[in-house]
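Chains, contacts and geometry: an overview
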Amino acid sequence: GATWGQGKMAALRRLTPGPAAALLRAQPGGAGASAAAGRRWVRALRRSPVRVLPPRKEQGAAAPAGRDPAEPKLKGARPGPAPERSPAGLGPRYEKAEPGDRRLGKVVTIAKSKKFRDQHGKILLEGQRLIKDALDAGAVPQTLFFSMVGHLKELPEEKLKKTTLVKVKFEDIKNWSDLIAPQGLIGIFSRPDHAKMTYPAVQLRNSLPLSLICDNLRDPGNLGTILRSAAGAGCSKVLLTKGCVDPWEPKVLRAGMGAHFRLPIIANLEWESISNYLPTDTQIHVADSRDPRTQDKMEDVSGKASSYGWVSRPHNLKAQIEQMTRLGL
């Protein structure tokens, strides 16, 4: 009995690491007491949950990105959708929205809010043509919702590598779309910075030394039409003062028909800062929407009469604004 107990304790010491081995060595009372302590330790090991981990290579392959391989899954958590590819195995990877996925509705609702656009710097684009123009101009996509894989083939794949692509049902896009005939493609982009955009070379080559200044323009459809006309006429830039409607509002984007990505649009400017965006030798033409035949001719600060407004230099712009304010323009 003593010999058997001593042999068992020696085996336990070899197999039991750390504090357990020290505990066995420190047991008083000889071999019998040590054997009893060893049996209690083995029973404790049997009662404790033992987590068996796969080899390290399998851990790295099986663990999702951003989660510790040894971390247990939360109870009741739904596994994320596996990335998919087009049937031919080509094209960018995308995920397929599961039933009850509310991301599309939530993102669209938030992106339509001007407050959210200003705080988080996001805009909402819809339609194949508008999204392609935005990508070609260097706009940064964040999330793209599409109903058919074929929609992705019309877009530059290299510019979608860091974009979250989500395939949803066309009915879901139709429910959240503002278009009469939705195309099945909605994108969330970072708000473009005019200084970092790459505008079409043809537009830049044929642009005129002409800038358009819009003041207190409130109607989204009117602003979109003006931006489209400015791009067609070859304006070099458009300046919008504070009080104008947000140029990135969905209605303005639809009416602009891609003009936002053909020429720089600088918004939310104070009148005093407009001259910073114009050359020093620029002539300023201030036009009034009222019929000049029904009112007296106005005079500019230099004393030159005009049937439509004023003509002067940028350094007189502030005085012009004060005179416009007095006349109620």
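Here the structure is shown first, and the text comes after it.
Since this is a predicted model, take the numbers as computed values, not measurements.

Helix and strand counts for the protein come out as 13 helices and twelve strands. A buried classification covers 36% of the 329 residues belonging to the protein. Partitioning the contacts of the protein with sequence separation of at least 6, the portion at a separation of at least 24 is 65%.

Read from one edge of the open sheet, three strands run β6-β7-β8, paired in parallel fashion. Of all strands in the sheet, those with a lone pairing partner are β6 (211-214) and β8 (265-269), marking the two edges. In this sheet, neighbouring strand axes are inclined to one another by 15° on average, regardless of whether the strands run parallel or antiparallel. The pairing of β6 with strand β7 (residues 237-241) spans four bridges and is parallel. From the neighbouring strand, Ile213 faces β7, where its bridge partner is Leu239.

The final tally for this structure, using the stated rule, is two aromatic pairs. Taken together, a centroid distance of 5.4 Å and an interplanar angle of 85° make the contact between Tyr94 and Phe146 edge-to-face. Taken together, the residues span a long stretch of sequence, with Tyr94 in the loop between α4 (56-62) and β1 (95-96) and Phe146 in strand β3 (residues 141-146) at a distance of 52 residues. With relative accessibility at 6%, the residue Tyr94 sits in the buried group. The class for Phe146 is buried, based on a relative accessible area of 0%. The interplanar angle of 45° and the centroid separation of 5.9 Å between the aromatic rings of Trp248 and Phe261 together place this pair among those described as tilted. In this pair, Trp248 sits in the loop between β7 and α12 (250-256) while Phe261 sits in the loop between α12 and β8, placing the two residues 13 residues apart along the sequence.

The set of residues buried in helix α5 (residues 103-111) consists of Leu104, Gly105, Val108 and Ala111. Along α5, the residues classed as buried sweep out an arc of 140° about the axis, all on the same side. Where α5 is buried, its residues meet α6 (114-120), β2 (122-126), β3, α9 (170-176) and β5 (185-190).

Time to look at the state of the cysteines. As enumerated under the stated definition, the model contains zero disulfides in all. With no disulfide of its own, Cys235 lies 9.3 Å from the sulfur of Cys214, the closest cysteine sulfur.

If you check the backbone angles, Asn216 has positive phi at about 55° while not being a glycine. For Asn216, the position within the fold is in the loop between β6 and α11 (220-233). Overall, the relative accessible area of 39% leaves Asn216 in the partly exposed class. A positive phi angle is found at Asn268, which is not glycine, with a value near 60°. Position of Asn268 relative to the elements: it lies in strand β8. Residue Asn268 is classed as exposed on the basis of its relative accessible area, which comes to 53%.

Along the chain, Glu126 turns up in strand β2. Residue Glu126 is classed as buried on the basis of its relative accessible area of 17%. Each C-alpha atom of the pair Glu126 and Ile186 lies 4.5 Å from the other, and the pair is 60 residues apart in sequence. With residues up to four places along the chain from it excluded, the contact list for Glu126 reads Ser177, Asp178, Leu179, Pro182, Leu185 and Ile186. Only 2.3 Å separates the side chain of Glu126 from the side chain of Ser177, close enough to count as a polar contact.

The next point concerns the side chain of Thr241. Residue placement: Thr241 occurs in strand β7. Residue Thr241 is classed as buried on the basis of its relative accessible area, which comes to 2%. Those residues in contact with Thr241 that sit more than four places away from it in its chain are Ile213, Cys214, Asp215, Asn216, Asn268, Leu269, Trp271 and Ile274.

Each value, and the rule that gives it
Residues numbered from 1 in each chain as written. Predicted model: local features only at pLDDT ≥ 70, side-chain atom pairs only at ≥ 80, totals over all residues. Heavy atoms only, no water. Helix = DSSP H or I, 4+ residues; strand = E, 2+ residues; numbered from the N terminus. Buried < 20%, exposed > 50% of the residue type's maximum accessible area, 1.4 Å probe, protein only. Contact = heavy atoms within 4.5 Å. Pairing = 2+ DSSP bridges. Axes fitted to C-alpha atoms, helices over the stretch in contact; angles between N-to-C directions. Phe/Tyr/Trp six-rings, centres within 6.5 Å; stacked < 30°, edge-to-face > 60°. Arc of directions from axis to C-beta. Disulfide = S-S within 2.5 Å. Polar contact = N/O pair within 3.5 Å; in protein donor to acceptor, adjacent residues only side chain to side chain.

In short, shape yes, function no, at least from these values alone.
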